[in-house]
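This is what each chain is made of:
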Amino acid sequence: MTNAPPERNFFLESPGGRSHPRVQVAMDVTSMEEAIHLAEAALDAGADQLELGKPLIEFLGLHGAASIIERFPGVRFELDLMIMAGAAGYLEAAAGMGAHGVTVTGLVPWYTVEDAITRGNDLGIRVCVDLFNVSEPVTMANRAEQAGAGAVMVHVGVDQRRYDPDYSRLDDLRQVADSLSIPVAYATYDVDEAVAAVAAGAWEIVQGTPLIEADDPRVGLSTFIDRVKGSDPRSAT
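So, a few notes on the structure that sits alongside this text. A quick note: this is a predicted structure, and the numbers were derived from the prediction, not measured.

The residue Ala141 is located in helix H5 (residues 137-147) in this model. With a relative accessible area of 0%, Ala141 lands in the buried category. When the C-alpha atoms of Ala141 and Gly106 are compared, they prove to be 8.8 Å apart, with 35 residues separating the residues in sequence. Aside from chain neighbours lying at most four places away, what touches Ala141 is Leu131, Val152, Val176 and Leu180.

Shown next as structure tokens:
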């Protein structure tokens, strides 16, 4: 039986009535001080939601993550847990701290992905299935949608980009976006890639490295976000 995703809010509408994708800033830092500084900068720059990145969660733990969420009431937070097992406990913790969503990796056995989706829908937490390094992303994406996932994400890992700077998954993104009716997120490393991803069908753009590494990330993030929100989505329906 297919569960209904907890939400189907795709593009946002600007004050002028223009539809634009969500922009999520990935807080892939390792200390509370860096996280607070980056969250403030990202929100000032116009981010729609924040991601507590996997490095941050591993260094601070879920209790540290909860402290950050508590500090920013009303802000949408995604926990990049990349769940690999024991999904229910992580989903319950995420709900308890007021997170909006979590990620589960598509590389684990299907029953773990399905458990995460089911428990997330029970708790009102959006589960995003991360297609990183998945060999058949379209098949996994469709399976995730049928199970009730709230979103899927396509991206190139930081090590993949470091070893092969030209590696792109925009073709995978187009194929996934063509086959789904739930949001498709795409993580990028620069604004040109982000604009191309929106044109290819991404509903959400996730940006972290390298912009978050600046001493004052506001400037770079503001320029990035303004350009992404001003780009032309393939579909604004």
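Here we take up the sheet that holds strand E6 (residues 101-105). Read around the closed barrel, eight strands run E3-E4-E5-E6-E7-E8-E9-E10, paired in parallel fashion. Strand-to-strand twist of the sheet, defined as the mean angle between neighbouring strand axes without regard to direction, takes the value 30°. Across four bridges, the pairing between strand E3 (residues 22-27) and strand E4 (residues 49-52) is parallel. Note on E4: the bridge partner recorded for Gln24 is Gln49. In this fold helix H3 (residues 87-97) packs onto strand E5 (77-83), E6 and strand E7 (126-130), with an angle of close to 170° to the strand it touches most, E5. Against the sheet, helix H7 (residues 170-179) makes contact with strand E8 (151-154) and strand E9 (184-188), and its axis sits at roughly 170° relative to E9, the strand it touches most.

In this section: the pairing of strand E10 (residues 204-207). What you see with E10 is no split at all: Glu204 and Val206 on one side and Ile205 and Gln207 on the other are buried throughout. Pairing of E3 with E10 involves four bridges; the strand directions are parallel. Within the sheet, the bridge partner assigned to Arg22 lies in E10 and is Glu204. Two elements, E9 and E10, share four bridges in a ladder whose sense is parallel. Across the sheet, residue Thr188 finds its bridge partner in E10, namely Gln207. Between E9 and its parallel partner E10, the chain crosses via helix H8 (residues 191-199), and the hand of that crossover is right-handed.

Our next topic: the packing of H8 against helix H9 (residues 217-229). H9 packs onto H8 with a crossing angle of 25° between their chain directions and a minimal axis gap of 9 Å. Compared by their axis directions, H8 and H9 come out roughly parallel. Relative to H9, the crossing made by H8 is right-handed. Mapping the contact onto sequence places Val191, Asp192, Ala194, Val195 and Val198 in H8 and Phe224, Arg227 and Val228 in H9. Broken down by class, the residue content of the contact of H8 with H9 amounts to six nonpolar, no polar and two charged.

Two elements in contact, H5 and H7, have axes separated by 9 Å at closest approach and are oriented at 30°. Regarding the angle of H5 to H7, the classification is roughly parallel. Judged by the sense of rotation from one axis to the other, the crossing of H5 with H7 is right-handed. For the pair H5 and H7, contact is made by Pro137, Val138, Ala141, Asn142 and Glu145 and by Asp172, Gln175, Val176 and Ser179, respectively. Tallied by class, residues from the contact of H5 with H7 come to four nonpolar, three polar and two charged.

Procedures and definitions
- Residues numbered from 1 in each chain as written.
- Predicted model: local features only at pLDDT ≥ 70, side-chain atom pairs only at ≥ 80, totals over all residues.
- Heavy atoms only, no water.
- Helix = DSSP H or I, 4+ residues; strand = E, 2+ residues; numbered from the N terminus.
- Buried < 20%, exposed > 50% of the residue type's maximum accessible area, 1.4 Å probe, protein only.
- Contact = heavy atoms within 4.5 Å.
- Pairing = 2+ DSSP bridges.
- Axes fitted to C-alpha atoms, helices over the stretch in contact; angles between N-to-C directions.
- Right-handed = clockwise from strand over helix to strand, strands pointing away.
- Parallel < 35°, antiparallel > 145°, perpendicular 65-115°, else oblique.
- Left-handed = near helix turned anticlockwise from the far one by under 90°.
- Nonpolar A, V, L, I, M, F, W, Y, C, P; charged D, E, K, R; others polar.

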